[in-house]
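Observations on chain architecture
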Amino acid sequence: MRHLFTTKNFREGFVDMLPACVGLVPFGVVCGVGAAAAGADWIAALGMALFIFSGAAQILAVQLYAANAPVAIIVLTCFVLGLRFLMYSAAMAPYMRRLPVNWQRGLAFLLTDQAFAASVRRFSATHDPRRGAGLHFLGSGIALWGMWVTTNMTGYFAGNSIPASWSLDFAVPLCFIALVAPLFRSVPSVVAALCAGVAVFALAGLPMRLNLIAAGLIGIVAGTLVDLAGERWKAR
């Protein structure tokens, strides 16, 4: 494994991703602070950073954890949030097919928005061999993953160093709001958010926090219907 980390393509991928790593710092710190505010221990915070490796999914997982939601609900919710990676995987599949199966699985774990944007260009370059592009992808992913874990743990220990009297309970929902608020740029997205918000409270009596899942589905349906109605209106 050591010889892979010393190759030219790996180093290039690692260095190319350093500017994106800087942009990850505030998000990683926020996730770590959120985990501390939710009462997670350092092992749980480290585990989320290592294995979930997703800002939006981690913030939502922490919020559900703080609300004592069942593990199955947390896993299912994070799964739904990660469905966008199916599109990334489909775009990468033709290039990854020629790589060994172990490479495919390892690189799939490191697939992020930033790594996809950088690596798909490298794979599509006709002059770049598949193995070289794979090493570039590996370098990019390792850089992002390492920075993500480091900033998460920095935020976690910083959050735990703040006196309990400061009451950081608000940090978890505030972090999640900060992540999703920029997405409200269209009428369908606003309608989806409003419908989901109303449904969460209206269905609060459901067991096992199923109101969260039901509200999400209601929001998706509402936003889709509004989007379809808008398309039909434009087609007139």
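Residues numbered from 1 in each chain as written. Predicted model: local features only at pLDDT ≥ 70, side-chain atom pairs only at ≥ 80, totals over all residues. Heavy atoms only, no water.

Some words on the overall build of the protein
The line we're drawing: Numbering of helices and strands starts at the N terminus; helices are DSSP runs of H or I of at least 4 residues and strands are runs of E of at least 2. Buried residues are those whose accessible area, probed at 1.4 Å on protein chains only, stays under 20% of the maximum for their type, while exposed residues exceed 50% and partly exposed ones sit between those limits. Should any heavy atoms of two residues lie within 4.5 Å, those residues are considered in contact. Working definition of accessibility: Shrake-Rupley area with a 1.4 Å probe, residue cover restricted to the visible protein chains.
From N to C terminus, the protein includes 13 helices and 0 strands. For the protein, the proportion of its 236 residues judged to be buried stands at 37%. Sequence separation of 24 or more characterises 78% of the internal contacts of the protein that already satisfy a separation of 6 or more. Per element, the accessible surface of the protein, about 13600 Å² overall, is 71% carbon and sulfur.

As for the pattern of salt bridges
Short version of the rule: A pairing counts as a salt bridge when a side-chain nitrogen of Lys or Arg comes within 4 Å of a carboxyl oxygen of Asp or Glu.
Under the defined criterion, the tally for this structure stands at 1 salt bridge. Residues Lys 8 and Glu 12 are paired through a salt bridge, measuring 2.4 Å at the closest nitrogen-oxygen approach. Residue Lys 8 and its partner Glu 12 are located together in helix H2 (residues 8–16), separated by 4 residues, close to a single helical turn.

As for the layout of surface pockets
The gaps of empty space that remain are located by a probe, the size of a water molecule, rolled over the atoms. What counts here: Points on a 1 Å grid over protein atoms alone make up a cavity when a 1.4 Å probe fits among them but cannot get out, and a pocket when they form an open set with protein on both sides within 12 Å along at least five of seven lines; lining residues each have an atom within 4 Å of a point. Grid points are joined across faces, edges and corners, and a volume is the space filled by probe spheres set on the points. Amino acids are sorted into nonpolar (Ala, Val, Leu, Ile, Met, Phe, Trp, Tyr, Cys and Pro), charged (Asp, Glu, Lys and Arg) and polar (every other residue, Gly among them).
Estimates place the volume of the second largest pocket at around 420 Å³. Taken together, 21 residues form the lining of the second largest pocket, with Gly 82, Phe 85, Ala 108, Phe 109 and Leu 111 sitting closest to its centre. The element contributing the most residues to the lining of the second largest pocket is helix H7 (residues 85–96), with 5 residues. In the lining of the second largest pocket, the residues fall into 16 nonpolar, 5 polar and no charged.

Digging into the packing of aromatic side chains
Let me state the cut-off plainly: Stacked, edge-to-face and tilted are the three classes for Phe, Tyr and Trp ring pairs, Trp counted by its six-membered ring, which pair at centre distances within 6.5 Å; planes under 30 degrees apart are stacked, over 60 edge-to-face, the rest tilted.
Evaluation of the coordinates by the stated rule reveals 4 aromatic pairs. Summarising the aromatic geometry, the rings of Phe 53 and Phe 109 are spaced 6.2 Å apart at their centres and angled 35° between planes, so their arrangement reads as tilted. One end of the pair, Phe 53, is in the loop between helix H4 (42–52) and helix H5 (55–66); the other, Phe 109, is in helix H8 (residues 101–109), and 56 residues separate them in sequence. For Phe 109, a relative accessible area of 35% gives the class partly exposed. Their ring planes at 85° and their centres at 5.8 Å tell us that Phe 109 and Trp 145 sit as a pair that is edge-to-face.

Considering the side chain of Asn 152
Note the following rule: Polar contacts, as counted here, are pairs of nitrogen or oxygen atoms within 3.5 Å of one another; within protein the pair requires one atom able to donate a hydrogen and one able to accept it, and residues that are adjacent in sequence qualify only if both atoms are side-chain atoms.
Tracing the backbone through its elements, the reader meets Asn 152 in helix H10 (residues 130–160). Engagement of the side chain of Asn 152 in a polar contact is seen with the side chain of Gln 58, the distance being 2.9 Å. At a separation of 2.9 Å, a polar atom in the side chain of Asn 152 contacts the main-chain carbonyl oxygen of Trp 148. Residues in contact with Asn 152, not counting those within four places in the same chain, are Gly 28, Cys 31, Gly 32, Ala 49 and Gln 58.

Quick notes on the environment of Ala 67
Here Ala 67 is to be found in the loop between H5 and helix H6 (71–81). Residue class for Ala 67 comes out partly exposed when judged on its relative accessible area of 24%. Between the C-alpha atoms of Ala 67 and Ala 38, which are 29 residues apart in sequence, the distance is 8.8 Å.

Structural notes on helix H9 (residues 113–124)
Just so we agree on the cut-off: Working rule for helices: expected span equals 1.5 Å times residues minus one.
The end-to-end C-alpha distance of H9 is 17 Å, a good match for the 16 Å that 12 residues give at a rise of 1.5 Å each. For H9, the set of buried residues is Ala 115, Phe 116, Ala 118, Ser 119, Val 120, Arg 122 and Phe 123.

Focus: the nonpolar core
Spelled out, the test is: Remark: nonpolar core denotes a set of buried residues (Ala, Val, Leu, Ile, Met, Phe, Trp, Tyr, Cys) joined through side-chain atoms within 4.5 Å.
In this structure, Ala 35, Met 92, Met 96, Leu 107, Phe 123, Phe 137 and Leu 144 are the most contacted members of the largest nonpolar core, which totals 39 residues. Residue assignment for this core shows that the elements contributing at least two residues are helix H3 (18–37), H4, H5, H7, H8, H9 and H10. Looking at this core, the element that brings in the most residues is H10, giving 10 residues. Every residue in contact with Ala 35, bar those within four places of it in the chain, is listed here: Ala 40, Ala 45, Met 48, Val 62 and Tyr 156. Listed in part, the 7 residues of the second largest apolar core include Leu 60, Ala 69, Ile 74 and Cys 78.

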